[in-house]
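Architecture and fold: a report
Next come the chains, spelled out residue by residue.
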Amino acid sequence: MYSNKILVLAMLFVLVFNIIAPVQVSYAASLDNVIGTLGASTVQGYDGGSNVFEKIFDLLFDKILGPILNIFGGGKATTTTPNSPVKVTPLPPNDGTVSNGDSGVLRGKTIVVDPGHGGSNPGAVDNGTKEADNNLAVSLKLRDKLTRAGAKVVMTRETDRTVAPEGSSLGQELAKRVDIAENNNADMFVSVHSNSNPDPSIYGTMTFFPSGKSSKLALEVQDNIIRETGAVDKGTSPATFYVLRNTTMPSILVEMGFVSNPNEAIKLRDDSYRNKIAQGIFNGIVKYFNS
Ligand SMILES: [Zn+2]
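Residues numbered from 1 in each chain as written. Predicted model: local features only at pLDDT ≥ 70, side-chain atom pairs only at ≥ 80, totals over all residues. Heavy atoms only, no water.

A look at the pattern of salt bridges
For the coordinates displayed, the defined rule picks out eight salt bridges. For R177, the salt bridge goes to E173, with nearest N and O atoms at 2.5 Å. Pair noted here: R177 and E173 are both in helix α5 (residues 170-183), with a separation of four residues, about one helical turn. Take R177 and E173: they sit in the same class, and that class is buried. Within the structure, one salt-bridge network assembled from shared partners comprises D114, E173 and R177. (Salt bridge = Lys/Arg side-chain N within 4 Å of Asp/Glu carboxyl O. Helix = DSSP H or I, 4+ residues; strand = E, 2+ residues; numbered from the N terminus. Buried < 20%, exposed > 50% of the residue type's maximum accessible area, 1.4 Å probe, protein only.)

Now the structure itself:
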C-alpha cells in the first residue's frame, strides 16, 4: 500500500515534468497564436473565436488534468470528481497549451482542398515525378492538418482519379472542382499544383490569387511555405486560372515547385518535404483567418 503511494507520486512527478514542463517551454512560441485567436473573435466575418476558452479547457483536461485524475482515480476519472483526492487547480487559459496543430482555431471553417489533375490527366511529368501524385500527397497531409485544427475539409479528390467522370472535357473537369467549392459554401478554396518549365534550371515556389481580388491569402501561404521549406521564393501573382476566376470565396493556387528541375523533383517526391509544404500552407491559412 505504502509503496503503491510512492509509485503513484513518482508517476505524477514524471508526468508533471513531461507534460507541464514542455508546455512552459513552448509558451513563448504559441502565445502569439493564442492572442491571435482571441483577437480574431472581433474580426468581421470570423465566427470561430467565441469557443476559444471552451476549447482551451477541453484541451487542458484531456492533456493534463485527465491523466492526473486517472492515476489517482484508478482510471475512472470524470470531469466531475467531487471526491477526487487531488485538489486540482485549473491553470490559466493562456498557459500556452494551445498549439496550431489541435487548437480548433479553424473550427467553423469549410475549406476545399483541390489536388490538381489526377487519373487520365497526370499534369506535368518529369524527372520521375508525376504532378498529380505530388499534388495529392501534399493535399492529403494538408487535409489532416486542417481537420485536426477543427476545419471541415472537402477534398475534390482523395485518390488518383479525375473529378468529373473520365472522358469529360477539361472545362467540365475544372467546373466540377469549382462546383464542389460553391455547393459546400466553402470559406476557402486551395488548389495544389506542381510547376513545369522547358528550362530545367528554373525552380522555386509561387502562389497565385484571382486577378482583381485580395492577395492576402496568397501572401500568407507563400510566406509560410518558404519559411517551412526554404524553397526559392518566386512570389505571388494574380492569375486568371479557371478555378481562381470562378470561385467566389478567397482562393489560391499553389505551385509547390518545378518537376522539370531535377533537384526540386527529388524534393517533391520526398515525404518529409511534402509535409513541410503542407505545414506551410496550413500555417498560412491559420494566419489568414486569424489576422
Ligand atoms: Zn497543374
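Once you've had a look at it, read on.
A few points about the confidence of the model for the protein
Of all residues in the protein, 65% attain a pLDDT of 70 or more, and the chain-wide mean is 76. Long-range and interchain partners of residues 7-100, a stretch whose pLDDT sits below 50, account for 92 contacts in this model, where long-range means more than four residues apart. (pLDDT = per-residue confidence, 0-100. Contact = heavy atoms within 4.5 Å.)

What about the side chain of T129?
With respect to the helices and strands, T129 occurs in strand β3 (residues 129-130). One polar contact links the side chain of T129 to the main-chain carbonyl oxygen of A265, over a distance of 3.5 Å. If near-sequence neighbours (up to four positions away) are discounted, T129 is found in contact with A124, N134, V259, A265 and R269. (Polar contact = N/O pair within 3.5 Å; in protein donor to acceptor, adjacent residues only side chain to side chain.)

A closer look at the coordination of the zinc ion
Around the zinc ion, the donor atoms from the protein are H117 (NE2), E131 (OE) and H193 (ND1), and they sit 2.1 to 2.2 Å away. Donor residues binding the zinc ion come from one chain and are separated in sequence as H-x13-E-x61-H. In this pair, H117 is assigned in the loop between β1 (110-115) and β2 (125-126) and E131 in helix α4 (residues 131-148), connecting sequence segments 14 residues apart. Accessibility classification places H117 together with E131 in one group, the buried group. (Donors = N, O, S within 2.8 Å, 3.2 Å for Na, K, Ca; no water.)

Some details on the environment of N134
In this fold, N134 is placed in helix α4. The class for N134 is buried, based on a relative accessible area of 1%. Taking the C-alpha atoms as reference points, N134 and P115, 19 residues apart in sequence, are found 8.6 Å from one another.

A word on the packing of aromatic side chains
Scanning the entire structure with this criterion turns up two aromatic pairs. Ring centres 5.5 Å apart and planes at 70° place the aromatic pair Y288 and F289 in the edge-to-face group. Residue Y288 shares its accessibility class with F289, and that shared class is buried. Residue placement shows K216 over the ring face of Y288; its charged tip is 4.7 Å from the ring centre. (Phe/Tyr/Trp six-rings, centres within 6.5 Å; stacked < 30°, edge-to-face > 60°. Lys NZ or Arg CZ within 6 Å of the ring centre and 35° of its normal.)

Here's the deal with unusual backbone geometry
You will see that H117, though not glycine, has its phi angle at about 65°, which is positive. Phi at N185 takes a positive value of approximately 50°, unusual for a residue other than glycine. Here N185 lies in the loop between α5 and β5 (188-195).

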